[in-house]
Amino acid sequence: MPPFHRLTGWLLDVYPLSAGMALWVLGDDGVRRRLIDPYMPAFYIAGPSGEHARAIRALSDYRIAYRHRIVSRRNLWEADTMPVCEVGIVHPMQFQQAVALAMEAAPRGQFYQADVALPQLYCYDRALFPLCRCEVDVAADARVAAIHACDSPWDVDYPLPPLSIMELAVEGASPNPNHGGIVRILIRFEGTERYLEAEDAVEFLQSFNGLLTRYDPDVVLTDWGDSYLLPRLIRLAQTTRVPLDLNRDTTQPIASRAARSYFSYGRMLAQSGARMLYGRLHLDRRNSFALAETGLAGLFEQARVANVPIQQMARTTTGTGITSMQLERAHRAGILIPYRKQRTEEFKTAFELLEADQGGLTYAPLSGYHEGVGELDFASMYPAIMTRFNVSPETINCPCCGQDPLAQVPEISHHTCRRSQGLVPQTLAPLLHKRARYKQQMASLSPSPVRQIIDQRQMALKWLLVVSFGYLGYKNARFGRIEAHEAVTAYSRDVLLRAKEIAESQGFRFLHAIVDSLWLQKNGVGRDAYDRLAETVTAATGLPIAVEGYYRWIGFLPSRVNSSMPVHNQFVGLFDDGQMKIRGLEVRRSDAPPIVKRFQTDLLNVFALGRTVADLQALVPEVLDLFRQYCEHLYAGRASLEDVVIGKTLTQAPDQYRQTTHTSIAAKELQRRGVPLQPGETMYYVITDSKAPLPDDRVRAVAGSDGTIAYDASAYVKLMRQAALAVLTPLGVTTQQLRMYE
DNA sequence: TTCAACCACTT
DNA sequence: ACCCTTGGTTGAA
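Residues numbered from 1 in each chain as written. Chains lettered and ligands numbered in written order. Predicted model: local features only at pLDDT ≥ 70, side-chain atom pairs only at ≥ 80, totals over all residues.

Colleague: Run through the overall build of chain A, naming residues and quoting values.
Modeller: In terms of regular secondary structure, chain A is built from 21 helices and 27 strands. Since a compact globule built from 742 residues should have a radius of gyration of about 27 Å, the 29 Å found for chain A is in line with a globular shape. For chain A, the spread of C-alpha atoms along the principal axes amounts to about 85 × 80 × 50 Å. Here chain A holds 742 residues, and 41% of them are scored as buried. For chain A, restricting intrachain contacts to residue pairs at least 6 apart in sequence, the fraction spanning at least 24 positions comes to 65%. (Helix = DSSP H or I, 4+ residues; strand = E, 2+ residues; numbered from the N terminus. Rg over C-alpha atoms; globule rule 2.2 N^0.38 Å. Buried ≥ 20, exposed ≤ 12 C-beta atoms within 10 Å, placed from the backbone. Contact = placed C-beta atoms within 7 Å.)

Here it is as structure tokens:
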């Protein structure tokens, strides 16, 4: 008998055990196996050699098994290598403790690779990644003798394993079960649905365990699993002493991570406490940005390219993904990964950064509706700039290229390196390339499930690219540097300006531009003229720009404060293929009640019938009639509860509010009922009497109601009026005119 | 009625 | 601690 057998399959899950890393491999034979790879994670100490010695002694004192040796490594900022002490920890579970001990014993040492999550470090070391196809040589005791990936994260056509997915959902009166109301649990598996009745807790758990055993799902996909379902099931299991078989690896407890609130992309977000499984994936659709934005296909794509375990990827910010990619690159190149204690600053949006730093260029658009307009967009402009001009923390103002005129950044006194490619461009280039290939594939496909999966994948990559820019200016990023960030915005201004000049020199009328998009007009030309312009600009700037679309009409909407002032981020336009592009309007805002969004959508659908601005003008009476119908509907009390629910994010703890806003009133109502609330959670409420002298009478939290709330029709009519005016003001419709239809 | 402070959103 | 896009609300002056 050979000492091992060979297994092919997919890598589903990786986590540390005392004996090594546990790997779950979904074999081609359909069997899910737990294997153990003896693996020694290592960290590095630089600094006075006395420090190494003290650290090592501390490990010995605490009986931690380790191997150490002196090796040559370099850090990102220097070309030369230096001697560092590599400390391998024999039992991976002791890694964190070992780092803490060593740091305490060697306060003057510089630590590297000391806080990288072990599953990631393992994958970097073995050149594996989540859901990779892999070939494993397995010894008799399930030990891994050798393992390697058979595919690459950069493949665009990759086979995914046939995952079995069990869905758990809740049904209740409130949009968030944690906010109260009666809740039922629903299980969905392979097209069948069943409710779990909670009359008898023991029977409930036994039948749930029965389903888990019978179906043995790879993925438990839930709504509210992290914050509501799993905690409740776990508590139920504890009180009834019926074991809960959610984990596939029964030697492990269900992992919990505390809830946290954080600021990201300009808004406060709540991350519920996570409940993660071993050997099986728990993914909560209501607690995952990646899953909500890009679906399972996008989540898997991000996990693969970023090399972050799927359950983690589902629950972290996109920034974690781009960080992991950079860490892996650095690790491969023998560059030491600096240690970061705490992350205090969060990412900013590109928008915030450019407003704050006068980064990108924006113009005031020519307000009102225009006909025959083409929009040109630079594709992933900031990442493309970083790649094309080699902008990276270690390449900016490098010692070698200061005199090279081609290395100078426009306007500002920085230069980039012309000799060696930086870490950031190395990371971004394959991402840009892969996304471009997905987009190519999409172009040749008509709408279909396959096309949708590719779309989700390219969107997942887009998010990684978007965030990469913020990362450069992120003060606490391991490899961040503000000069690199300034260089990117300087290049972007230069490039946009050149695009504008080229367009104008070719007879296009410039209407508007923001950062990476231009709106242009030229009489008597069609779409192909814009395509040719795009080619010219691409050739001149070295950055890909393409025609986003050709508008039959587009309206740059005026400020509501001052109708003669345009705002640069509100517009609506109709492409020649009948699609509409809408930015900044209520339909795109999460805080608008559904009935207002539906009204505005209906309104715009009427406008979609118009081909010219004169057509729009002629359609105004029809739109006004629509407005009248919606008002009647509201005043007759016929709008449903779901239609009038407003969801707004709590930006602070309920008792921190100084202002009696609708959000804070609803939050305080729930808090009085004993519902714990944290910043970032969404409050769902209905306006009951917006002008009531007592704040508590003004709104009602949905979760606190029995499903019948009398809404304040006039308050909703007012919101609709605003939604209508946003689009109609440039056509001469006034508030007074609208009031006549209310 | 005016206005400053406050709050929420945006890919 | 600081600076901060737009649009809207709140409550005191």
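There's more to say after this.
Colleague: Can you lay out the sheet that holds strand β27 (residues 699–701) for me, pointing to particular residues and giving the numbers?
Modeller: Within the open sheet, the 3 strands sit side by side as β25-β26-β27. Their pairing is antiparallel. Unpaired on one side and paired on the other, β25 (646–649) and β27 mark the two borders of the sheet. Direction aside, neighbouring strands of the sheet carry axes that sit 40 degrees apart on average. By the bridge criterion, 4 bridges tie β25 to strand β26 (residues 682–687) in an arrangement that is antiparallel. Note on β26: the bridge partner recorded for Gly 647 is Tyr 684. (Pairing = 2+ DSSP bridges. Axes fitted to C-alpha atoms, helices over the stretch in contact; angles between N-to-C directions.)

Colleague: Which residues make up the packing of helix α4 (residues 201–215) against helix α5 (residues 225–240), and what values do they have?
Modeller: Interaxial distance between α4 and α5 falls to 10 Å at its minimum, and their mutual angle equals 120 degrees. By the angle class used here, α4 and α5 are oblique. For α4 against α5, the interelement crossing comes out left-handed. Only Leu 236, Ala 237 and Thr 240 of α5 make contact with α4, whose side of the interface consists of Ala 201, Val 202 and Leu 205. (Parallel < 35°, antiparallel > 145°, perpendicular 65-115°, else oblique. Left-handed = near helix turned anticlockwise from the far one by under 90°.)

Colleague: Describe the environment of Leu 76, with residues and values.
Modeller: Within the secondary structure, Leu 76 is located in the loop between β5 (66–73) and β6 (82–89). Dropping the residues within four chain positions of it, Leu 76 is found in contact with Ala 330, Ile 335, Glu 394, Leu 423 and Phe 479.

Colleague: So what's going on with the sheet that holds strand β9 (residues 144–149)? Residues and values would help.
Modeller: Taking strand neighbours across the sheet as the criterion, the 5 strands line up as β3-β2-β1-β8-β9 in an open arrangement whose pairing is antiparallel. With partners counted over all chains shown, the strands left at the sheet margins are β3 (32–37) and β9, one partner each. Looking at each pair of strands side by side, their axes are set apart by 40 degrees on average, direction ignored. Helix α3 (residues 118–126) contacts β1 (4–16), β2 (21–27) and β9 of the sheet and is inclined by roughly 145 degrees relative to β1.

Colleague: Run through helix α14 (residues 527–541), naming residues and quoting values.
Modeller: Spanning 15 residues, α14 covers 21 Å between terminal C-alpha atoms, matching the ideal 21 Å at 1.5 Å per step. Three or more residues of α14 are buried, namely Tyr 530, Leu 533, Ala 534, Val 537 and Thr 541. Across the axial projection of α14, the buried residues extend over an arc of 105 degrees, all falling on one side. Exposed residues pointing more than 90 degrees away from the buried face of α14 are listed as Asp 528, Glu 535 and Ala 539. Against the buried residues of α14 lie β19 (368–378), α13 (482–505) and β22 (545–558). Remark: Gly 542 follows α14 within two positions and exhibits a positive phi of approximately 75 degrees. (Expected span 1.5 Å × (residues − 1). Arc of directions from axis to C-beta.)

Colleague: Kindly report on the nonpolar core, identifying the contributing residues and their values.
Modeller: Note on soluble globular proteins: their nonpolar side chains tend to be buried together. With 184 residues, the main nonpolar core has Leu 11, Val 25, Ile 385, Val 488, Tyr 716 and Met 720 as its most contacted residues. Here this core gets 11 residues from one element, more than from any other, and that element is helix α20 (residues 713–728). Among residues more than four places away in sequence, those in contact with Ile 385 are Val 391, Val 488, Tyr 491, Ser 492 and Leu 543. (Core = buried A, V, L, I, M, F, W, Y, C linked by C-beta atoms within 7 Å.)

Colleague: Report on α20, specifying residues and quantitative values.
Modeller: For α20, which comprises 16 residues, the first-to-last C-alpha distance of 22 Å matches the rise-based estimate of 22 Å (1.5 Å per residue) to within 8%. Summarising burial for α20: 12 of the 16 residues are buried, a large majority. Ala 713, Ala 715, Tyr 716, Val 717, Leu 719, Met 720, Arg 721, Ala 723, Ala 724, Ala 726, Val 727 and Leu 728 are the residues of α20 that are buried.

Colleague: Please set out unusual backbone geometry residue by residue, giving values where relevant.
Modeller: Despite not being glycine, Arg 241 shows a phi value in the positive range, around 60 degrees. Inspection of the secondary structure assignment puts Arg 241 in the loop between α5 and β14 (255–257). For Arg 241, a count of 8 C-beta atoms within 10 Å corresponds to the exposed category.

Colleague: Got a sec to walk through the pairing of β6? Specific residues and values, please.
Modeller: Bridging between strand β4 (residues 42–46) and β6 involves 4 bridges; their strand directions are antiparallel. Counterpart to Phe 43 in the pairing with β6 is Val 87. Strand direction decides the pairing type here: β5 and β6, joined by 8 bridges, are antiparallel. By the bridge assignment, Ser 72 is partnered in β6 with Pro 83.

Colleague: Got a sec to walk through the environment of Gln 570? Specific residues and values, please.
Modeller: Here Gln 570 lies in strand β23 (residues 566–575). Exposure remark for Gln 570: the 20 C-beta atoms within 10 Å place this residue in the buried category. Dropping the residues within four chain positions of it, Gln 570 is found in contact with Leu 557, Arg 583, Gly 584 and Leu 585.

Colleague: Give a description of the environment of Arg 304 that names residues and reports values.
Modeller: Among the structural elements, Arg 304 can be located in helix α6 (residues 289–306). With 280 residues separating them along the chain, Arg 304 and Gly 584 place their C-alpha atoms 33 Å apart. When neighbours within four sequence positions are excluded, Arg 304 is seen to be in contact with Phe 129, Pro 130, Leu 131 and Pro 153.

Colleague: How would you summarise the packing of helix α11 (residues 423–443) against helix α12 (residues 449–472) if you had to cite specific residues and measurements?
Modeller: Between α11 and α12, whose axes approach to 9 Å, the crossing angle comes to 155 degrees. When the axis of α11 is compared with that of α12, the two are roughly antiparallel. For the pair α11 and α12, the crossing hand works out as left-handed. Residues Val 424, Leu 428, Leu 431, Leu 432, Lys 434, Arg 435, Tyr 438, Lys 439, Gln 441 and Met 442 of α11 form the contact with α12, whose own contacting residues are Arg 451, Ile 454, Asp 455, Arg 457, Gln 458, Leu 461, Lys 462, Leu 464, Leu 465, Ser 468 and Leu 472. When grouped by side-chain class, the residues that make up the contact of α11 with α12 number 11 nonpolar, 3 polar and 7 charged. (Nonpolar A, V, L, I, M, F, W, Y, C, P; charged D, E, K, R; others polar.)

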